[in-house]
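Spelled out, the chains give:
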Amino acid sequence: MRLLSIKVILYSLSIFLLGCQNKSSNTAWKSYSGDASIEAKVDSLLSLMTIEEKIGQLTQFSGQGTVTGPQINDDFKEYMDKGQVGSMFNVVGAKGLRQLQEHALKHSRLKIPILFAADVIHGFKTTFPMPLAESCSWDLELMEKSARISAIEATAAGLCWTFAPMIDISRDPRWGRVMESAGEDVYFTNLVAAAKVKGYQGISSYKDFSDPHTMLACAKHFVGYGAGLAGRDYHSVDMSDRTLRETYLPPFKSAVDNGVATFMTSFNTLNGVPATGNKYIFKDILRDEWNFKGGVVTDYTAINELVPHGYAQDLKEAANKALNAGIDMDMNGAAFIQHLKTLLDEGKVTEEQINVAASRMLELKFLLGLFDDPFKYLDEKREKENTMKPEFLAEALKNAERSIVLLKNEKVLPLASTTSKRVALIGPMIKERRSLNGEWAIQGDRRLSTTVYEGLTEKYKNAKFTYAQGATLTGDVDRKEINKAVAVAKNSDLVIMALGEDFNWSGEAASRTDIQIPLAQKELLRAVKKTGKKIVLVLLNGRPLDLSWEDENVDAIVEAWYPGIKAGDAIANILSGDYNPSAKLTMTFPRNVGQIPIYYNTLNTGRPHDHSDPKDYTSFYLDVPNSPLYPFGYGLSYSTFKYHDAKLSNTTLSANGKVTASIKVTNESDVDGEEIVQLYIQDVAASVAQPIKSLKGFEKLSIQKGQTIDVQFEITPEMLAILDIDMNKVTEEGKFNIWIAPHAEYDGNLMQLNYTE
Ligand code: NOJ
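Residues numbered from 1 in each chain as written. Predicted model: local features only at pLDDT ≥ 70, side-chain atom pairs only at ≥ 80, totals over all residues. Heavy atoms only, no water.

As recorded in an unreviewed UniProt entry, the protein chain goes by the name beta-glucosidase, listed as coming from Flammeovirga yaeyamensis. A UniProt comment under Sequence similarities (unreviewed entry) is attached to the protein chain, and it reads "Belongs to the glycosyl hydrolase 3 family." What the UniProt record of the protein chain gives under Catalytic activity (unreviewed entry) is the line "Hydrolysis of terminal, non-reducing beta-D-glucosyl residues with release of beta-D-glucose." (UniProt positions renumbered as here; feature names shortened; annotations may be inferred.)

Student: Would you take a moment to explain the site of the ligand for this structure?
Tutor: In the neighbourhood of the ligand, 13 residues make up the surrounding shell, with Asp 119, Arg 177, Lys 220, His 221 and Asp 299 lying closest. One nitrogen or oxygen atom from the side chain of Lys 220 is found 2.8 Å from an oxygen atom belonging to the ligand. Computed on the free molecule, the ligand has an accessible area of 300 Å², of which 99% lies beneath the protein chains in the complex. Partitioned by chemical class, the residues of the shell around the ligand number 6 nonpolar, 2 polar and 5 charged. (Near = heavy atom within 4 Å. Polar contact = N/O pair within 3.5 Å; in protein donor to acceptor, adjacent residues only side chain to side chain. Areas by Shrake-Rupley, 256 points an atom, 1.4 Å probe, with all protein chains shown as cover. Nonpolar A, V, L, I, M, F, W, Y, C, P; charged D, E, K, R; others polar.)

Student: It is not clear to me how helix 12 (residues 315-325) should be interpreted in this structure. Could you clarify?
Tutor: Residues lying three or four places apart along an α-helix face the same way, a consequence of the helix completing one turn every 3.6 residues. Of all the positions in helix 12, only Leu 315, Ala 318, Ala 319, Asn 320, Ala 322, Leu 323 and Ala 325 are classed as buried. At the exit of helix 12 stands Gly 326, carrying a positive phi of roughly 105 degrees. (Buried < 20%, exposed > 50% of the residue type's maximum accessible area, 1.4 Å probe, protein only. Helix = DSSP H or I, 4+ residues; strand = E, 2+ residues; numbered from the N terminus.)

Student: Where do I start with the nonpolar core in this structure?
Tutor: Side chains of a nonpolar character, in soluble globular proteins, are inclined to be buried together. The biggest cluster of nonpolar side chains holds 158 residues, and the ones touching the most others in it are Met 88, Trp 161, Phe 222, Phe 263, Phe 336, Met 497 and Leu 547. Sort the elements by how many residues they give to this core and helix 14 (residues 351-368) lands first, with 9 residues. For this core, the domains that each give at least three residues are domain 1 (2-18 + 36-383) and domain 2 (400-595). Here Phe 222 is in contact with Leu 249, Phe 252, Phe 263, Met 264, Thr 265, Ser 266, Ala 275, Ile 281, Phe 282, Leu 286 and Trp 290, once residues within four sequence places are set aside. (Core = buried A, V, L, I, M, F, W, Y, C linked by side-chain atoms within 4.5 Å. Domains from an automatic or database assignment. Contact = heavy atoms within 4.5 Å.)

Student: Sorry, what's going on with the packing of helix 2 (residues 38-48) against helix 14 here?
Tutor: If you want to describe how two helices pack, look at the angle between their axes and the distance between the axes. Running from N to C, helix 2 and helix 14 point in directions that differ by 125 degrees, and their axes come no closer than 9 Å. By the criterion of interaxial angle, the relationship of helix 2 to helix 14 is oblique. In the crossing of helix 2 with helix 14, the sense of the turn from one axis to the other is right-handed. For the pair helix 2 and helix 14, contact is made by Ile 38, Lys 41, Val 42, Leu 45 and Leu 46 and by Asn 355, Ala 358, Ser 359, Leu 362, Glu 363, Phe 366 and Leu 367, respectively. In the contact of helix 2 with helix 14, the residues fall into 8 nonpolar, 2 polar and 2 charged. (Axes fitted to C-alpha atoms, helices over the stretch in contact; angles between N-to-C directions. Parallel < 35°, antiparallel > 145°, perpendicular 65-115°, else oblique. Left-handed = near helix turned anticlockwise from the far one by under 90°.)

Student: Where do I start with the confidence of the model for the protein chain in this structure?
Tutor: Parts of the prediction with low pLDDT should not have their coordinates interpreted in detail. Of the residues in the protein chain, 94% have a pLDDT of 70 or more, and the chain-wide mean is 94. Confidence drops under a pLDDT of 50 for residues 66-73, and excluding neighbours within four residues, the segment shows 24 contacts in the predicted structure. (pLDDT = per-residue confidence, 0-100.)

Student: What am I meant to see in the packing of aromatic side chains here?
Tutor: In this description, an aromatic ring pair is defined by two values, namely the gap between the centres and the angle between the planes. On inspection of all chains with the given rule, the structure shows 27 aromatic pairs. Their ring planes at 70 degrees and their centres at 6.0 Å tell us that Tyr 225 and Phe 267 sit as a pair that is edge-to-face. Separated by 42 residues along the polypeptide, Tyr 225 in the loop between strand 5 (218-222) and helix 9 (241-248) and Phe 267 in the loop between strand 6 (262-265) and strand 7 (269-270) bring together distant segments of the chain. On the numbers, 5.4 Å between centres and 5 degrees between planes, the contact of Tyr 630 with Tyr 634 is stacked. Considered together, Tyr 630 and Tyr 634 belong to a single accessibility category, that of buried residues. Each member of the aromatic cluster is reached from another via a ring pair, and the members are Trp 138, Phe 188, Tyr 600, Phe 632, Tyr 680 and Phe 698. We note Lys 321 situated over the ring of Tyr 311; from NZ or CZ to the ring centre the distance is 4.1 Å. Lying over the aromatic face of Trp 549, Arg 526 brings its terminal NZ or CZ to 5.1 Å of the ring centre. (Phe/Tyr/Trp six-rings, centres within 6.5 Å; stacked < 30°, edge-to-face > 60°. Lys NZ or Arg CZ within 6 Å of the ring centre and 35° of its normal.)

Student: What's the story with the pairing of strand 26 (residues 751-756) in this structure? I'm lost.
Tutor: In the case of a regular strand, side chains alternate between the two sheet surfaces. Here strand 26 shows a clear split, with Met 751, Leu 753 and Tyr 755 buried on one side and none of Gln 752, Asn 754 and Thr 756 buried on the other. As paired strands, strand 18 (residues 652-654) and strand 26 are joined by 3 bridges and run parallel to one another. Counterpart to Ser 654 in the pairing with strand 26 is Thr 756. Two strands pair when backbone bridges link them, and strand 25 (residues 734-741) and strand 26 are joined in this way by 5 bridges, in the antiparallel orientation. By the bridge assignment for strand 26, Ile 738 is matched with Met 751. (Pairing = 2+ DSSP bridges.)

Below is the structure:
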């Protein structure tokens, strides 16, 4: 211990002397490399820094590439020269970033490299399906791989930090940001969080991030952002500690357990205290309970927002509250840079607090190896070679095919690729290109996605296509255009309609109270329906929609979401059966907006509805059933699968034991397919009431035509655990219901297990 401190002092001294000699040289950062521990390097560097330079490390400036809120300060160069720019975001490109890094190293006193960040959410240049879509593949390797490819492209373009993954549990489709999530389920999102962190960072532990293809991941938004009142973005959140701990926190814990480097605050208040000033979540939970070592950045100007939240009277007080809550970096808000020094002089914050925050951000720079080579991400040749490689594009196609969910099919699909039918292509999404990437593939070139039209005309060389747009994505009903489309439909053997939401209608600041297909398009659909032609409806949209009318009135529904750069090709492969659909929903589709929030693993009521008496004083709606239109876990295939012969290896499980639950799944069709087999468990009676069922496992299996697979899940006491009344994790004795099922509403093949200690 003593030896170490002597080492640190000597090391600091040598650096100090070097720093004095090299005041104007641009190589002083070299002196911070070498064999000493990162802790020693951080300490020695801190000992050389002025308070202003330390506060600079807590400051992130927007390079203005993408603006998602009020622009506070664009004069970053002046700060750069003073060594006060810890990080920049909304900046990309090896050449431009090299210039910025060179500028910073040349002009700043201590030559601390800048951390370049951006939102790399579902692809960088190669755009992948939006995250909610991709999650419907239930393929964790696929999800990890798209993050890995994104990191390879983005790190080649100068970035070493992404603001992803977004792991907010999302149960309200009015909220536009559900498109960025992995849906409604906790167990599932925990796994996605792990896959994404590994994909971006390349490793699942918080240690060495020096591989040049490593990108720091950022678990966001901490916490509760998905539970905003009435699905309105940025709105207040009120929830019990139980809901917080059972539902909203676990994905973030999973990210920490898998080595995530950074966290981002959320915009919402949580039980009256804005997340960005919330000690309970950042200090008590994230640091003290979970022992998180990395950095915490605010969301965009979120410290400033403590004022309108009514939590701080001015920006200075907001800065004070944010630092005290445990925030390390201020994203584009200028609260820290303008006020921390005064707060320190006034004794409201301590230098130790500033040191702690600065050392976390410096540690990340050391772990990335930026002090050894601040230009490691800034190589134009590498950028060129690693952008949109053929294998990346092939993976984007594979990913898109596996993300598309077949919701309904009355024997119209697949449409043989040799069809000579007269096919009418109708709707504003048929030739739409701009929306196909979805909202958060910011760096993706919107001109590059293949359209539905291109995909279909390429695939169906023999078909006779006719086309009518019929409506615009966002405009009013246009009867003239509708009439033209009806005429085109009348003259066809089959109609394929592509409808949906403009990409700006989901994502940030894009909540809707009406989640039906936009009116003008719905009118178009109704008019085409009147022709009596069979309709295949392809949907491109960012949230679960109310499709009750469509479910009754069209022959097939294909939920394609926003599929990314290979949109048209993937859709054509699905419609033709060249890829047999395998995706299943990770978010419930309600019957109408009035059912929201609706998700599969709710508690039961004391008066469950048994569907008998229309007014029996049980828990139900007068106008629609309680059940959703399409449940969590649901999705069709061109194959048909039968679940049979469910059994438990033992009906009793003891404390150190395990039991195997198994079922046979037979592909009864004459096409090979894939099936996502899901394990659900219910704790029948517990000291705290438990959901009617919870997902505890799943397997995605390829099952050939006629083949039967015996699917097995091991059940351990850990899987039966709940949080008791004191929030301790316990497994309680008693009965458990178990289903191995194709989706969450399936109640067949019930198995019952007893747990005894
Ligand atoms: C605001 C969003 O909430 C956040 O997710 C994003 O990372 C930042 N803007 C930066 O663009």
